[in-house]
Amino acid sequence: MAQKNTTPKLVIYGCGGHGKVVADIALCRGLAVAGFVDDGAPEGGRVLGLPVLGGAGWLEAHRSEVIVALGIGEKRARHRVHQLCAALGLDPVTLIHPNATVAASARIGAGVVIMAQAVINPDARIGDGAIINSGAVVEHDCEVGAFAHLAPNATLGGAVRIGALAHVGLGASVLPGKAVGPDAMVGAGAVVVTDVPPGVVVVGIPARLHRSSRS
Ligand SMILES: CC(C)(COP(=O)(O)OP(=O)(O)OC[C@H]1O[C@@H](n2cnc3c(N)ncnc32)[C@H](O)[C@@H]1OP(=O)(O)O)[C@@H](O)C(=O)NCCC(=O)NCCS
């Protein structure tokens, strides 16, 4: 007798640039991607040849049939979608590109995305909903907070602490043992040599205050 296929389908929440990369990682892992959920894009459109299924209402109606990956780059929107998923009883999946290297002792939260050529070394901890972008390096014993984003080729020395919702820009480095406060932003190419306070923007080598607020 033919059995009904009950394997939940994977949908990517967000069909912009980041969502496309997340979908690509899922496809590289051999997962069947049913399509995108997006509150802004027109339903019925196609991205990477996959359908845009609808917005939050679609997800609510289909919550028992799907699993979700976070495909939103902007941190606050990503956080909101994570909360929406939790309210619907959906724990976003963690996706790791097959060409990333993740130490067995590293702890990786729910809804984290780790992209191609990223390296996560032993005893590093990555909080829920964080993005470890292409080629980023997280050295041993680092702590990356929830919904933080390490941009492509960002490098953290050993035992660095990155606060929740913080952003480390393209190619920036943080010296071993230093801390970047919650919601802070390290500009592209900067080298952090002293702790960065919460909420500020720093740039340059060595990194210095650029703006006292991200907004
Ligand atoms: C640091 C940053 C947030 C500043 O943004 P901003 O305040 O809008 O800056 P502006 O573009 O208005 O530039 C203001 C000044 O800062 C300088 N500046 C901007 N970014 C800089 C950087 N990363 N390093 C050094 N100087 C920088 C500009 O040259 C400009 O200098 P000027 O006043 O002498 O002309 C931004 O440039 C940056 O680096 N973002 C990171 C982007 C990133 O990594 N994205 C990841 C995508 S996956």
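Before reading on, note that the structure itself is shown above.
Now for a quick tour of the structure. This is a predicted model, so every value here is computed, not measured.

Parameters and conventions
- Residue indices follow the written sequence of each chain, beginning from 1 at its first position.
- Side-chain atom pairs in this predicted model are given and counted only at pLDDT of 80 or more, local residue features only at pLDDT of at least 70, and totals for whole chains, interfaces and linings cover all residues.
- Hydrogen atoms and water are omitted, and side-chain values are computed over all heavy atoms in the structure.
- The near set for a molecule or strand comprises every residue that places at least one heavy atom within 4 Å of it.
- Polar contacts, as used here, are pairs of N or O atoms within 3.5 Å; protein pairs need one atom able to donate a hydrogen and one able to accept it. Residues neighboring in sequence count only if both atoms are side-chain atoms.
- Using a 1.4 Å probe, accessible areas were evaluated by the Shrake-Rupley method; residue-level cover was limited to the displayed protein chains.
- The classification used treats Ala, Val, Leu, Ile, Met, Phe, Trp, Tyr, Cys and Pro as nonpolar, Asp, Glu, Lys and Arg as charged, and all other residues, Gly among them, as polar.
- Cysteine sulfur pairs qualify as disulfides if the two atoms are within 2.5 Å.
- With a 1.4 Å probe rolled over the protein chains alone, any residue whose accessible area is under 20% of its type maximum counts as buried; one over 50% counts as exposed, and the rest are partly exposed.
- When DSSP locates at least two bridges between a pair of strands, those strands are taken to pair.
- Only DSSP runs of H or I reaching four residues or more are called helices, and only runs of E reaching two or more are called strands; each is numbered from the N terminus.
- An expected span of 1.5 Å times one less than the residue number is assigned to each helix.
- The directions considered for the arc run from the helix axis to the C-beta atoms.
- It only takes one pair of heavy atoms within 4.5 Å for two residues to be counted as in contact.
- In this description, a line fitted to the C-alpha atoms serves as the axis of each element, helices being fitted only across the stretch in contact, and the angle between N-to-C directions of two axes falls anywhere from 0 to 180 degrees.
- Salt bridge, as used here: a side-chain nitrogen of Lys or Arg that lies within 4 Å of a carboxyl oxygen of Asp or Glu.

## Details of the site of the ligand
- As a matter of local geometry, the ligand sits amid 14 residues, with Gly169, Leu170, Ala188, His210 and Arg211 nearest to it.
- Between the ligand and Leu170, the relevant distance is 2.8 Å, taken from an oxygen atom to a main-chain nitrogen or oxygen of the residue.
- Between Arg211 and the ligand, the recorded distance is 2.9 Å, taken from a side-chain N or O atom to an oxygen atom.
- Burial of the ligand by the surrounding chains reaches 42%, relative to a free accessible area of 910 Å².
- Taken together, the residues that form the shell around the ligand break down as seven nonpolar, six polar and one charged.

## A few points about the state of the cysteines
- Scanning the model with the defined rule gives zero disulfides in all.
- For Cys15, which is in no disulfide, the shortest distance to another cysteine sulfur is to Cys85 and amounts to 15 Å.
- Classification of Cys15 by relative accessible area gives buried; the value is 12%.
- This cysteine, Cys28, is not joined by any disulfide, and Cys15 carries the nearest cysteine sulfur, 19 Å off.
- Given a relative accessible area of 41%, Cys28 falls into the partly exposed group.

## A few points about the sheet that holds strand E7 (residues 101–102)
- The parallel open sheet is built from six strands, whose spatial order is E7-E10-E13-E16-E19-E22. Since the sheet does not close on itself, it has two edges, and those belong to E7 and strand E22 (191–192), each with one partner.
- Bridge analysis of strand E13 (residues 137–138) against strand E16 (residues 155–156) gives two bridges, and the strand direction is parallel. Following the sheet pairing, Val137 is matched in E16 by Thr155.

## What to know about helix H1 (residues 17–28)
- Counted at 1.5 Å a residue, the expected span for H1 with its twelve residues is 16 Å, and the 17 Å between its end C-alpha atoms agrees.
- Within H1, burial applies to His18, Gly19, Val22, Ala23, Ile25 and Ala26. Around the axis of H1, the buried residues are gathered within 155° of arc, so they sit on the same side.
- The inward-facing, buried residues of H1 contact strand E1 (9–13), strand E2 (33–37), strand E5 (66–70), strand E6 (95–96), strand E9 (113–114) and strand E12 (131–132).

## Describing the sheet that holds strand E4 (residues 50–54)
- Spatially, five strands are ordered E3-E4-E2-E1-E5 in an open sheet, and the strand pairing comes out mixed. The open sheet terminates on both sides in strands that have one partner only, identified here as strand E3 (46–47) and E5.
- Note: E1 against E5, five bridges, orientation parallel. Across the sheet, the residue bridging to Leu10 is Ile67, located in E5.
- Contacting E1, E2, E3 and E5, H1 runs over the sheet at an angle of about 165° to E2.
- The strands touched by helix H3 (residues 75–87) are E1 and E5; relative to E5, the strand with the most contacts, the crossing angle is about 160°.

## Quick notes on the side chain of His82
- With respect to the helices and strands, the residue His82 is situated in helix H3.
- On the basis of relative accessible area, His82 is assigned to the buried category, the value being 12%.
- The residues touching His82, leaving out its near neighbours within four places in the chain, are Leu70, Pro92, Ala110, Asp128 and Phe147.

## Observations concerning the pattern of salt bridges
- Here the structure, examined in full by the defined rule, presents three salt bridges.
- For Asp183, the salt bridge goes to Arg76, with nearest N and O atoms at 3.0 Å. Taken together, the residues span a long stretch of sequence, with Asp183 in the loop between strand E20 (179–180) and strand E21 (185–186) and Arg76 in helix H3 at a distance of 107 residues.
- Asp183 sits in the partly exposed class, given a relative accessible area of 21%.
- Three or more residues are tied together by salt bridges with common partners; here these are Lys75, Arg76 and Asp183.

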